[in-house]
Amino acid sequence: TTSCAIRFVRLQREKDARGESFVFLLNDIPIFARGANWIPGDNFLPRMDAAHYEKEVGLARDAGMNMLRVWGGGIYEDDCFYTLCDRFGILVWQDFMFSCAEYPDHLDDFREKCRQEAIVSVRRLRNHPCIALWCGNNENNLGFASWWNRGQNPEFFGNKLYMVDLPRVVFENAPTVPYWVSSPYSGQEHPNSPNSGDRHSWEVWSEQKPISAYLADY
């Protein structure tokens, strides 16, 4: 049998009363992205066989999720994961594998190795209709602004990758897929701004706020 899917995904960012929208359009229809972070399904990666992948991705589908974010502190997942997302109608927010650290992109050799890894990864996944977005990193631009005293937009420490190399790789190899610099990221204000871009909300688990605090993000 042959599987075929036709879809167009666009990230809509428009000025609104609160700041700027951040909405996925699927075939020009806005969707409410409901999902979760996907971290490696097992600390021992070889134990994640096809049956385990089908069970876990199936649970996401049965819970009503329509998007999974492959977290940048994990791995580029097995082909089985993306094939299941294709089949179950689950979109994938795909991080590049940079997370919670500064990276020595002032070294030309390191930067080129990262670029080549990105090319291989994008080309491997670009024919999966589930891929809805490529994201440069997990929390590194937040780290520049809040943890490492690098300012909002430093030239190096990984930012050459996120601002220059990775978007170019996506544009040249999967031009119909949106690229986003980091998660969280606003593009205008503080990276974790509630008014634009995407946001990481830690207040419930790290500050023991009630679950109702999540409603402040809507």
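Every residue gets a number counted from 1 within its own chain, in the order that chain's sequence is written. Totals for whole chains, interfaces and linings use all residues, but because this is a predicted model, local features are given only for residues with pLDDT of at least 70 and pairs of side-chain atoms are given and counted only at 80 or more. Where side-chain values are given, they derive from all heavy atoms of the structure, hydrogens and water being excluded.

(A) How the structure looks around the overall build of the protein. Helices and strands together make up the secondary structure of the protein, namely 6 helices and 8 strands. Numbering of helices and strands runs from the N terminus, with a helix taken as a DSSP run of H or I at least four residues long and a strand as a DSSP run of E at least two residues long. Each helix and strand of the protein, ordered N terminal to C terminal, gives the series β-β-β-β-α-β-α-β-α-β-α-α-β-α. C-alpha atoms define the radius of gyration in this analysis, and the globule rule sets the expected value at 2.2 Å times the number of residues to the power 0.38. For the protein, whose C-alpha radius of gyration is 17 Å, the value lies close to the compact-globule estimate of 17 Å for 218 residues. For the protein, the C-alpha atoms occupy an extent of roughly 55 × 45 × 35 Å along the three principal directions. Contacts are assigned to residue pairs with any non-hydrogen atoms lying within 4.5 Å of each other. The long-range share in the protein, meaning contacts at least 24 apart out of those at least 6 apart in sequence, stands at 66%. Surface summary for the protein: the accessible area is close to 11900 Å², and the carbon and sulfur share equals 54%. For every accessible area listed, the method is Shrake-Rupley and the probe measures 1.4 Å; residues are considered covered only by the protein chains on display.

(B) Region of interest: unusual backbone geometry. Residue Pro184 follows Ser183 across a cis peptide bond; omega there is 0°. Positionally, Pro184 belongs in the loop between strand E8 (179-180) and helix H6 (203-206). A positive phi angle, close to 70°, is found at Asp28, a residue other than glycine. Among the structural elements, Asp28 can be located in the loop between strand E2 (23-26) and strand E3 (29-31). With a relative accessible area of 54%, Asp28 lands in the exposed category. Even without being a glycine, Asn149 presents a positive backbone phi close to 55°. As for its placement among the helices and strands, Asn149 is situated in the loop between helix H4 (140-146) and helix H5 (159-173). Burial classes follow relative accessibility: with a 1.4 Å probe on protein chains only, a residue under 20% of its type's maximum area counts as buried, one over 50% as exposed, and anything between as partly exposed.

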